[in-house]
Structures are given as C-alpha cells and as structure tokens.
Amino acid sequence: MPEEFPFTQCETPSEKAGSNSVQPYPPLNILYQDEHIVAIDKPPGLLVHRSPIDRHETRFAVQTLRDQLNKHVFPAHRLDRPTSGVLLFSFDSKTAALLGQQLMNKQVQKQYHAIVRGYVKHSGLIDYALKYRYDKIADKHKRPQQAPQQATTVYESLANYELPFAVGKYETARYSLVKLLPSTGRKHQLRRHMVHIRHPILGDTTHGDGKQNKFLQTHFSFQNLALSCTQMGFYHPITGKWLSVSVRMHSEMQRVLDAWQEYQV
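Residues numbered from 1 in each chain as written. Predicted model: local features only at pLDDT ≥ 70, side-chain atom pairs only at ≥ 80, totals over all residues. Heavy atoms only, no water.

## A look at the pattern of salt bridges
Okay, so step 1: This structure, assessed with the given rule, holds eight salt bridges.
Okay, so step 2: Among the ionic pairs, R191 bridges to D80, the shortest N-O distance being 3.5 Å. Of this pair, R191 sits in helix α3 (residues 189-196) while D80 sits in the loop between β4 (74-75) and β5 (84-90), and the two are 111 residues apart along the sequence.
Okay, so step 3: For R191, a relative accessible area of 4% puts it in the buried group.
Okay, so step 4: Overall, the relative accessible area of 18% leaves D80 in the buried class.
Okay, so step 5: R191 is paired through a salt bridge with D204; the nearest N and O atoms lie 3.0 Å apart. Pair noted here: R191 is in helix α3 and D204 is in the loop between α3 and α4 (210-220), with a separation of 13 residues, a long-range link. (Salt bridge = Lys/Arg side-chain N within 4 Å of Asp/Glu carboxyl O. Helix = DSSP H or I, 4+ residues; strand = E, 2+ residues; numbered from the N terminus. Buried < 20%, exposed > 50% of the residue type's maximum accessible area, 1.4 Å probe, protein only.)

## Let's talk about the pairing of strand β10 (residues 227-235)
Okay, so step 1: Most of β10 is tucked away, with seven of its nine residues classed as buried.
Okay, so step 2: Of the pairings in the sheet, the one linking β5 to β10 comprises two bridges and is parallel in character. Bridge assignment links S84 to a residue of β10, and that residue is S228.
Okay, so step 3: Relative to β10, strand β6 (residues 109-117) runs antiparallel, the two sharing six bridges. When the sheet's bridge partners are listed, A114 is paired in β10 with L227.
Okay, so step 4: Looking at chain direction, β10 and strand β11 (residues 242-246) are connected through five bridges and run antiparallel. Along β11, the bridge assignment pairs Y235 with W242.
Okay, so step 5: Adjacent in sequence and paired antiparallel, β10 and β11 are bridged by six residues, among which G240 carries a positive phi angle near 80 degrees. (Pairing = 2+ DSSP bridges.)

## Remarks on the nonpolar core
Okay, so step 1: In this structure, F89, L163, Y175, L180, L216, F234 and W260 are the most contacted members of the largest nonpolar core, which totals 63 residues.
Okay, so step 2: The biggest single contributor to this core is strand β9 (residues 173-182), with five residues.
Okay, so step 3: Excluding residues that lie within four positions of it along the chain, L163 makes contacts with T172, A173, Y175, F215, F220, W260 and Y263. (Core = buried A, V, L, I, M, F, W, Y, C linked by side-chain atoms within 4.5 Å. Contact = heavy atoms within 4.5 Å.)

## Let's talk about α3
For an α-helix, the turn length of 3.6 residues means that residues three or four places apart are oriented alike.
Okay, so step 1: With respect to burial, α3 is a largely interior element, six of its eight residues being buried.
Okay, so step 2: Structurally, α3 contributes buried residues whose contacts are with β6, β7 (123-127), β8 (152-163), β9 and β10.
Okay, so step 3: R198 sits one or two residues past α3 and shows a positive phi near 65 degrees.

## Considering the pairing of strand β3 (residues 37-42)
Okay, so step 1: When you tally the buried positions in β3, you get five out of six residues, the bulk of the element.
Okay, so step 2: Pairing of strand β2 (residues 29-33) with β3, which is carried by four bridges, proceeds in the antiparallel orientation. Considered in β3, the bridge of Y32 is made with A39.
Okay, so step 3: Turn length for the β2-β3 hairpin, with the two strands adjacent in sequence and antiparallel, is three residues.
Okay, so step 4: Note: β3 against β5, six bridges, orientation antiparallel. Each bridged residue has a counterpart across the sheet, and for D41 the counterpart in β5 is V86.

Structure (structure tokens):
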C-alpha cells in the first residue's frame, strides 16, 4: 500500500538568528520531511522563487523554506503563484533532478481540487493540446514554439451548488466542486482546460469569468484562485518507496463551500 502523509502540522522553524529574533513571515506548513526531501503546503499568492514577473516581491517559497529549515532547498516542480497546495523540494540538486525526471516520465500522480462555474455532473477526459503562452517578461529569452503540446486532464464532479443570485444573464449562479488529475504539466493547464470545457475556475483573472469573480469577491469576500493541489504521489528518489503526500484544499475555498452547504443540489 502507498504510504500516506496527510495533514501534518508545521514543524518548528530554525532560529539561526538567535532566540530573540522574530521571523518576518508565518512559517510554511510542512507536510512531509526526511533527510532528502521536504513537502510544504504552499499558500496562494506565494511565488516559488524569484521571477521577473514581479520584481517588487520580497517573499518566495524557496527563500522562506531555506530560512525556516536553515538549509538550502531545491524545488522539484512549481505551482502557479495563485495556486495553493502540495509543493515538493529536495535538499540537493541531484535529488531534485531525479524527481524532475519522474515528472517528465509522467510517473508522478497529481490531484487538484477546484471550484468552477456551472454544473459539472459527470467525469471525463480533456485531451486538448495547449500552445505555450509566452510572458513578454519572464519568457523573453525563450525561442518561440510553434506546435501545441499534448495536454490531458481527467476531471470528476464531486458536488453541485445553485445560489439564488443573478450573475450576468442567468437568474441563479451555478457552481461545481471538481477533482482534477492532470497527466501532463503545461503552463496554466488546468485553468485553460476548464475554460475549454466552459467551466472556468473561480478567481482566475487570466482565463476565467470576470463577472463570477466579482460576484465571489462582493458576496463572499473570496479573492483567491479556487485551485489547490491536494495530493502528490511519487517514488522516493533515494529509497524507491512510493509516497503520497496530501493536504486539504485551501481554507478560503473550504470557507466558501461551507457557506454554500444550504445551496448544494
């Protein structure tokens, strides 16, 4: 049986500056750690590492975790800035490369939860190639890529909600909680795939529905992207043992779903 490490509480951060030092940011929640790898629950809005996209940002997952553990860390993959959930690091570059190879070989199992617009009443497979979308700042040194890249995502409906509010041209607002299982890792894959089947993820300011986003902000004070990586399964790069690291969806997503309980259909 795969070994599970769900919902582990945060470990005590290192105090390398002395017992009277004050850590400027809340410590990151550590889900799993051994002498080779560490997995955290990345909060929404946190960049994984320094990026030209936001030159004014001062907090990054790499630096924050390094200071918290008092040792260097190497990200094995990445999550978009607004996406929360399981983020995996290693303590050396060789181990990070081994994890990266598993991702390239599609050996890593990733699970996400998302809240989307409209009723999703079934499960299915999205097999829709995605053309790389270049950022004029972050990707200015990359050569243009012509052919779209293969991208596949399995989706499963978990719950449907109908709220008695008129949003846009409809008299009620309909939403779904879905589980998403991508087998590839293209840029903004889940966000773009859900738009492709006309169920954009709530809070997506790049690909989503602006009217729905504004409604969620106004009526429920929700200003995040409703997308969390809730599980990653992979072979330990040193021991070869299968590991599965889990976490609950982000608390803001859960808060909204709790508020919608009376509207579940």
